[in-house]
Amino acid sequence: MGQHNPLRHLSAAIGFLVAGAVGGCGGSSMDGASMPVGPMQPEPPSNPSSMAPPAVMQAQQANTPVDPAIVTADNTFGLNLFQNLNSGATGNVAIAPISVAMALQIVYNGAGGATQQGMAQTLKLGSLSTQDLNDDNAALQGSLLNPDPQVQLIIANSLWTHLDANTVAATFTQMDQTYYGATVGDLAGAPANVNNWVSTETDGLITSILPNANYAAVVAVIANVIYFKGQWSTEFDPSQTAPAPFSLMDGTQIMVPMMHQSATYGYLQGVNFQAVRIPYGQGRLSMLVVMPDAGTSLNGFVAALTPDMLNGWVGQLQTGMGNLSLPKFTATYGASLVQPLTALGMQAAFCSDPQAAFPGIGLVCIQDVEHKTVVAVDESGTVAAGATSITVVPTAVELPLFTLTFDHPFLYAIRDDKTGELLFIGTMTNPN
């Protein structure tokens, strides 16, 4: 392991609100994820946090306001990605948008040309320069340090290279540490050391993110994880939890453990849905749960969502007493994001495009982007984790088709290629 300077600061809540709102009951299995057991308490992961990176500490001390542009960019990109993954899905889908966005924004610092333009379009960065982006992320992270005594909301970043022959630009590494507090580790131990890092940072919720492979030819892996643990402001009474019917998308009914509570919530009766806001701790963070009316397609409902709609619903919530029944669930999800990111306009960043260019990192292209998420909800609150890894490899160099040396007599012709007319033809037997 190389230099260790882990970033353990807090991220925006929206990623978990979206993931929590769509997490289904009894999530499907996912390699590399393990489930929490026992009652949840507001304790941090086993690896204690270190000091936030310099830019984040400076932003917090200066009370730098958060630029709405970065929040809009993250949310718009995150929702677009979620909609792409959810399209046609028959099982649970749950992502941590801020994890994917931040990991890609870190890599974006090294992009150039059409690659940079495609990433900016996909990440919805608008006119933000890389300096604006990093400053905005520092302010966002700084504003969310220690948001609530009953909530742990943490981001950790890392950069993995071959330390004995590092080809990653020093300026890129410095940026990743200054603004994102990246731990720097050695790819010689990959994937085991990267997966161990992910497992530690997520308190064992996600035990792996990199597949077993030979990482000798990989230039770098950029990894980001998010860890969330929050207690409900008003916990559900476990003695009130009982089996109850739950209708699947095909109309089939199953029995699930249903939690029940009568309390004060923010509630909205929409045109074809109902929504409720369930707060954590002192109320700064919450889960927004939205249920389409019976007969309304969930996939169609999700496909029509926009960030403005979500924001509008939150603004229309009316506080009042209500009887709330919510299933206990653990939703797990994992996917490669190459296809959806390509569909969203980032094709020029991947190795399939010979024009992929990251001059700020080296002669590299993105081989893979992996994401995994776990969201677990019970009577005491929510535990959630998301992990994103970006694998960067050398840009493919086209090998010569042949080697030809004219070292003995030869024929030559000068011709009009449009008509095929020969203008000159000759042999060369002695160039001297």
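**Re the pattern of salt bridges**
By the definition in use, this model includes one salt bridge. With a closest N to O distance of 3.6 Å, K328 and E379 form a salt bridge. Taken together, the residues span a long stretch of sequence, with K328 in the loop between strand 8 (318–327) and strand 9 (329–336) and E379 in the loop between strand 10 (364–377) and strand 11 (381–394) at a distance of 51 residues. A relative accessible area of 10% places E379 in the buried class.

**Side note on the packing of aromatic side chains**
Scanning the entire structure with this criterion turns up seven aromatic pairs. Ring centres of W160 and W197 lie 6.3 Å apart, and the angle between their planes is 75°; on these two criteria the pair is classed as edge-to-face. Of this pair, W160 sits in strand 1 (residues 151–161) while W197 sits in helix 8 (residues 192–201); the two residues are 37 residues apart in sequence, bridging distant segments of the chain. Of the residues examined, W160 reaches a relative accessible area of 0% and is grouped as buried. Relative to Y280, the ring of F228 lies with its centre 5.1 Å away and its plane at 70°, an arrangement referred to as edge-to-face. Taken together, the residues span a long stretch of sequence, with F228 in strand 3 (residues 220–231) and Y280 in the loop between strand 6 (273–279) and strand 7 (286–292) at a distance of 52 residues. We note that F228, like Y280, is buried. A connected cluster of aromatic rings, assembled from ring pairs, spans F228, W232, F236 and Y280.

**Side note on the sheet that holds strand 2 (residues 183–186)**
The six strands lie next to each other as 2-1-3-11-10-9, forming an open sheet whose pairing is mixed. Of all strands in the sheet, those bounded by a partner on one side alone are strand 2 and strand 9. The average angle at which neighbouring strand axes cross in this sheet is 15°, direction not considered. Here strand 1 runs beside strand 3; their pairing, made up of 11 bridges, is antiparallel. Within the sheet, the bridge partner assigned to V151 lies in strand 3 and is G230. Of the strands in this sheet, strand 1, strand 2, strand 3 and strand 11 are in contact with helix 8, which crosses strand 1 at around 170°. Helix-sheet contacts for helix 11 (residues 338–346) involve strand 9 and strand 10, and the interaxial angle to strand 10 is about 115°.

**Quick notes on the state of the cysteines**
A disulfide bridge is the covalent bond that connects two cysteines by way of their sulfur atoms. Inspection of the entire model under this criterion finds one disulfide. Sulfur-sulfur distance for the disulfide between C351 and C365 comes to 2.0 Å. Handedness here is read from the sign of the S-S torsion; for C351 and C365, about 95°, the answer is right-handed. One end of the pair, C351, is in the loop between helix 11 and strand 10; the other, C365, is in strand 10, with 14 residues separating them in the sequence. Residue C351 is classed as partly exposed on the basis of its relative accessible area of 31%. For C365, a relative accessible area of 2% translates into the label buried.

**Details of the packing of helix 2 (residues 54–61) against helix 7 (residues 170–180)**
Working note: a packed helix pair is described by the angle between its axes plus the distance between those axes. Following both chains from N to C, one finds helix 2 and helix 7 inclined at 35°, their axes separated by 4 Å at the closest point. Mapping the contact onto sequence places P54, A55 and V56 in helix 2 and Q177, T178 and Y179 in helix 7. Partitioned by chemical class, the residues of the contact of helix 2 with helix 7 number four nonpolar, two polar and no charged.

**What to know about helix 2**
Taken residue by residue, helix 2 has A55, V56 and A59 as its buried positions. For helix 2, the angular spread of the buried residues around the axis is 100°, confining them to a single face. Looking at helix 2, the residues exposed on the side facing more than 90 degrees away from the buried face are P54, Q58 and Q61. In the core, the buried residues of helix 2 are packed alongside helix 6 (130–143) and helix 7. Taken from the residues just after helix 2, N63 is the one with a positive phi, measuring 55°.

Parameters and conventions
Residues numbered from 1 in each chain as written. Predicted model: local features only at pLDDT ≥ 70, side-chain atom pairs only at ≥ 80, totals over all residues. Heavy atoms only, no water. Salt bridge = Lys/Arg side-chain N within 4 Å of Asp/Glu carboxyl O. Helix = DSSP H or I, 4+ residues; strand = E, 2+ residues; numbered from the N terminus. Buried < 20%, exposed > 50% of the residue type's maximum accessible area, 1.4 Å probe, protein only. Phe/Tyr/Trp six-rings, centres within 6.5 Å; stacked < 30°, edge-to-face > 60°. Pairing = 2+ DSSP bridges. Axes fitted to C-alpha atoms, helices over the stretch in contact; angles between N-to-C directions. Contact = heavy atoms within 4.5 Å. Disulfide = S-S within 2.5 Å. Nonpolar A, V, L, I, M, F, W, Y, C, P; charged D, E, K, R; others polar. Arc of directions from axis to C-beta.

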